[in-house]
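Each chain is listed here by its residues.
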Amino acid sequence: SAYAGNVVITLPPNDGDASQFLQTNGSGVTSWATVSIPASAYNTWLVKTGAFTAASGDQLVCASGSAFTITLPAGSAGNTVIISNAGAGLVTIARNGSQKINSVAADGTLPNGNSTQLVYTNDTIGWFQV
C-alpha cells in the first residue's frame, strides 16, 4: 500500500560488516544484520572404493571394480543417504542393526549405473527408497 507523508528512518551509527544487510524493525529504526544460512541437508559428495559406514546426509559415489558394502547409519526420522554406483562391482547396502529397508529386514544391492536415495521414516518401514 502507498504511504503519504514523511517517514523518518534512523540509520545505524556505523557502516556494518562485510556481507551484512540493513534491516528495519518496522518503526523506522534500522540496524545491520547478518544473513542466516541454514545447514545443508547433505554433506559434500564422497567417492568410496571399499567398505564404508555412512552418516546421515552423506552423498556417496561408489567407484570400484570389486563388490563392497555401504552400511547405513542408525536411522532417525528424516535422516537421508544418497548412494550411486559408478563402479563395475555390486554394492551391498547393509542395514544398521535390525532397522529395515523398505519394510523388509534384509540388506539391499545396488548394481552398476544405479542410484538411490534412502530416507529413514520409522521402525516399521525403516529406510525408505525414494
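About the cut-offs
- Residues numbered from 1 in each chain as written.
- Predicted model: local features only at pLDDT ≥ 70, side-chain atom pairs only at ≥ 80, totals over all residues.
- Heavy atoms only, no water.
- Pairing = 2+ DSSP bridges.
- Helix = DSSP H or I, 4+ residues; strand = E, 2+ residues; numbered from the N terminus.
- Axes fitted to C-alpha atoms, helices over the stretch in contact; angles between N-to-C directions.
- Core = buried A, V, L, I, M, F, W, Y, C linked by side-chain atoms within 4.5 Å.
- Buried < 20%, exposed > 50% of the residue type's maximum accessible area, 1.4 Å probe, protein only.
- Contact = heavy atoms within 4.5 Å.
- Polar contact = N/O pair within 3.5 Å; in protein donor to acceptor, adjacent residues only side chain to side chain.

### Looking at the sheet that holds strand S10 (residues 115-122)
Here's step 1: Reading across from one edge, S3-S5-S7-S10-S11 is the order of the five strands in this open sheet, with mixed pairing throughout. Every other strand in the sheet has two partners, leaving strand S3 (45-48) and strand S11 (126-129) as the edge strands with one partner each. The sheet shows a mean angle of 25° between the axes of neighbouring strands, taken without regard to direction.

### Focus: the sheet that holds strand S9 (residues 108-110)
Here's step 1: In spatial order, the strands read S4-S6-S8-S9; together these four strands make up an open sheet with mixed pairing. With partners counted over all chains shown, the strands left at the sheet margins are strand S4 (52-53) and S9, one partner each.

### Comments concerning the nonpolar core
Here's step 1: Counting residues in hydrophobic clusters, the biggest one holds 15 residues, and the most contacted among them are Ile70, Leu72, Ile83, Ile93 and Trp127.
Here's step 2: Setting aside chain neighbours within four positions, we find isoleucine 93 in contact with Ile70, Leu72, Ile83, Ile101, Asp107, Gly108, Leu110, Thr116 and Leu118.

### Quick look at the side chain of serine 64
Here's step 1: Note on placement: serine 64 falls in the loop between strand S5 (59-62) and strand S6 (68-71).
Here's step 2: A residue is classified by how much of its surface remains accessible, and serine 64, at 14% relative accessible area, is buried.
Here's step 3: A polar contact of 3.0 Å, which involves the side chain of serine 64, links it to the backbone nitrogen of serine 66.
Here's step 4: When residues no more than four places from it in sequence are discounted, the contact partners of serine 64 are Thr49, Gly87, Ala88 and Gly89.

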